[in-house]
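As a plain string of letters, each chain reads:
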Amino acid sequence: MRILLFLFIILSGFAQALAAERVALVIGNSQYNYVTPLENPQHDARDVATALRSQGFEVTELVDLTRDGMADALREFRAQADAADIALVYYAGHGIEVQGTNYLIPVDARIIDERDVPDMTVDLQTVLRQISGARKLKMIVLDACRNNPFIAQMRSLGTLRSAGQGLAGVSGGGDNTLIAYAAAAGAVTPDGVPGQNSPYTSAFLEALSGPPRDVSLLLRSVRDGLQRRIGPGAQPFVYSSLGADELILNPFGTMLATAPTPEPTPIPTPIPTPEPGIPTPTPAPPTPTPEPTPTPTPIPTPTAVPTPTPMPTPTAVPTPIPPRGALPAEVLAAEQMLDALGFSPGPADGFRDPATIVALRAFQRANGLAVTGDADEATLAALEQWMGGSGIRLATAPKPEPTPVPEAPRSSFLPRSSSPQRIRDCLDCPEMIVIPGGVFQMGSTAIAASAMERPVRAVTIDAFALSRTEVTFAQWDACVAAGSCRSNPRPSDKGWGRGDQPVIGISWNDAQEFIAWLNAQVEGEPYRLPTEAEWEYAARGGTKTEYPWGDTPSRDHANYGQPTCCGGYSEGKDEWFGTSPVASFPPNAFGLHDMHGNVLEWVEDCWHYLYTEAPTDGSAWREESGGSCYSRVVRGGSWQSAAQSLRSASRFRLTTTARNSDLGFRVAKTIAE
């Protein structure tokens, strides 16, 4: 028991860093409408989002946001921050300081006079308020201290009075708040080489990929990295009200290091430090080597405790070759042994989730192994030595492999329904509803509508098919079992269940893998995502009202969030705080369920802020007319959205790599004439 307790104490810090809920909102504003665009923020946002995801964060990644878009994103992020230990906002783009107040500048800001600033921007205090509910750390990182063309513009017009370059110092924000600037108050830093990361973001990414460390130390290394890039005068600044508790921002940092590390010399088992009154066993003599090598500083191993059958001390295991990636059965066996030794790997399920990785890394450090975070051969051998006669072996504790879905012969495919309105192409294919063609007015001029929904235009839609419900976990898991959908094989269900729950945490790119799997099974017209015009036409179901059931929201028809945004909500027929099983609410006139609420749904179109020059034939809108395929359109609102986001015309955008807990999809296909 004493050895297990000692091991548990060693790893408690790692386990705590993992158990914490960590959420991040990453925004990169590049394509400014009224000043010269910035080259780097969109690259900065993408790379920071990727790095944070690898550190266990649930990340919302957005680029080129308008003022309304930034406000909406912050409101929606508030619900995540309220339920998290660590909430981080990373912003790259333009910022401005006026009369001591700091503002982040959206891409649609048109600032002619200082008095325009509050109406055209988002002030830093708003960001602080929206993340104030995080329990352990509220963190804002601002790569916004660039040379600001808005300042020069106001100066040339004679409307510059109290605005300054860079950002002003910050006070307040409450306990456990940290705000990091790319430069000291009133100073600026260059944007860097076009098309790459800014110097500050480069330094931040480098620090994240370094050894795990407390956030305060990590930001000191960011300063050092920035000075290496642009000179010793670079002085990023940090405003902090943190307490004494250690907060590790990058628990998996060394896993991201790009520079090769020398293979470590196997570390001999050191002589344990005796405890008073407890005899220490005599260690085995070391194996002689042809040439003596310096003995590295030993890594402490747990103090041995005499038992009737002593647990053998594991000998140093040679550093393995780069791991091939452990099989699920090997990971499961490692998890069971780590748990028995007190290393807290989380549920033994055969998946290398963050808890398992931290436990593996800690065990490897304590035993002089290469720190891979994987259940490689050397680690499994050392674990089995520690377990001795416990009986846990790979042969006796494999996780059953999912039964592959055989490639069905054409005769096993389900026939078309006797009703011409329904299609089911294969056993695991979603049930499709045939949507008749027609003409409708796309967009909205209602008071609740935003500029993004205009100008309203007539769009002609040809007949097509759309899945009756959102794609479910059961359908996604069938894709994984068949050996496809490998980029996201185990999306989290957040404890809400799998089966007929809508699959969540699916990026636009992930959805394309699922569609490719469907198309490999069937002949005829291929599956695809619906176009944005098809989606709105199908959602309206022939209506012209804000919702297909009328002009007011209704929890009898949809699962959505808190009345004032955002976060889960349960009332009346909407009894679910998170997602609801598909088809829990009545269908619309076309027979489609959950077009409004439950999960946001990807569509095919690239993002365009306005409908100016948009197609009128129902086709997907690509990059013409200033669009961005780096972001794609999402529709329909979700279980945590405010009611106005559920309107038939409401639209939003996310980057193609975003994976959020309210993000799913449904599929479409063209109907052959």
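All values reported here derive from a predicted model rather than from experimental measurement.

Calculation rules
Residues numbered from 1 in each chain as written. Predicted model: local features only at pLDDT ≥ 70, side-chain atom pairs only at ≥ 80, totals over all residues. Heavy atoms only, no water. Helix = DSSP H or I, 4+ residues; strand = E, 2+ residues; numbered from the N terminus. Buried < 20%, exposed > 50% of the residue type's maximum accessible area, 1.4 Å probe, protein only. Contact = heavy atoms within 4.5 Å. Areas by Shrake-Rupley, 256 points an atom, 1.4 Å probe, with all protein chains shown as cover. Pairing = 2+ DSSP bridges. Core = buried A, V, L, I, M, F, W, Y, C linked by side-chain atoms within 4.5 Å. Phe/Tyr/Trp six-rings, centres within 6.5 Å; stacked < 30°, edge-to-face > 60°. Lys NZ or Arg CZ within 6 Å of the ring centre and 35° of its normal.

**Q** Explain the overall build of the protein here, please?
**A** Secondary structure assignment for the protein yields 14 helices and 21 strands. Sorting the 673 residues of the protein into buried and exposed places 52% on the buried side. If you take every contact in the protein between residues at least 6 apart in sequence, the share linking residues at least 24 apart comes to 71%. Only carbon and sulfur atoms are counted for the fraction: they give 56% of the accessible area of the protein, which is about 29000 Å².

**Q** I keep staring at the sheet that holds strand S12 (residues 432–435) and nothing clicks. Help me out?
**A** Strand pairing within a sheet occurs via backbone hydrogen bonds; the two strands may be parallel or antiparallel. If you trace the 5 strands from one edge of the open sheet to the other, you get S11-S12-S15-S21-S16, paired in antiparallel fashion. Looking at strand neighbours, the two that pair on one side only are strand S11 (422–423) and strand S16 (527–528), the edges of this open sheet. Here S11 runs beside S12; their pairing, made up of 2 bridges, is antiparallel. Each bridged residue has a counterpart across the sheet, and for Arg422 the counterpart in S12 is Ile433.

**Q** Teacher, can you tell me more about the side chain of Gln364 here?
**A** Within the fold, Gln364 resides in helix H10 (residues 354–366). In this structure Gln364 touches Leu369, Ala370, Val371, Thr372, Gly373, Asp374, Asp376 and Thr379, once residues within four positions along its chain are discounted.

**Q** Sorry if this is basic, but what is going on with the nonpolar core here?
**A** Across soluble globular proteins, you tend to see nonpolar side chains buried next to one another. Ranked by internal contacts, the top residues of the largest apolar core, which has 72 residues, are Ile140, Phe514, Phe665 and Val667. The element best represented in this core is helix H13 (residues 508–521), accounting for 6 residues. One finds Val26, Val48, Leu137 and Tyr200 within the second-largest nonpolar core, a separate group that totals 34 residues.

**Q** Looking at this structure, how should I read the sheet that holds strand S17 (residues 600–607)?
**A** Spatially, the 4 strands line up as an open sheet ordered S19-S18-S17-S20, and their pairing is mixed. Each edge of the sheet is formed by a strand with only one pairing partner; in this case those strands are strand S19 (651–655) and strand S20 (663–664).

**Q** Help me understand the packing of aromatic side chains in this model?
**A** Each aromatic ring pair is described using two quantities: the centre-to-centre distance and the angle formed by the ring planes. Scanning all chains against the criterion turns up 12 aromatic pairs. With 5.8 Å between their ring centres and 40° between their planes, Tyr537 and Phe590 make a pair best called tilted. In this pair, Tyr537 sits in helix H14 (residues 532–540) while Phe590 sits in the loop between H14 and S17, placing the two residues 53 residues apart along the sequence. According to the relative accessible area criterion, Phe590 is buried, its value standing at 17%. Members of the aromatic cluster, each reached through a chain of ring pairs, are Trp476, Phe514, Trp517 and Phe665. The side chain of Lys573 reaches across the aromatic face of Phe585, ending 6.0 Å from its centre. Sitting over the ring of Tyr527, Lys669 keeps its end group 4.5 Å from the ring centre.

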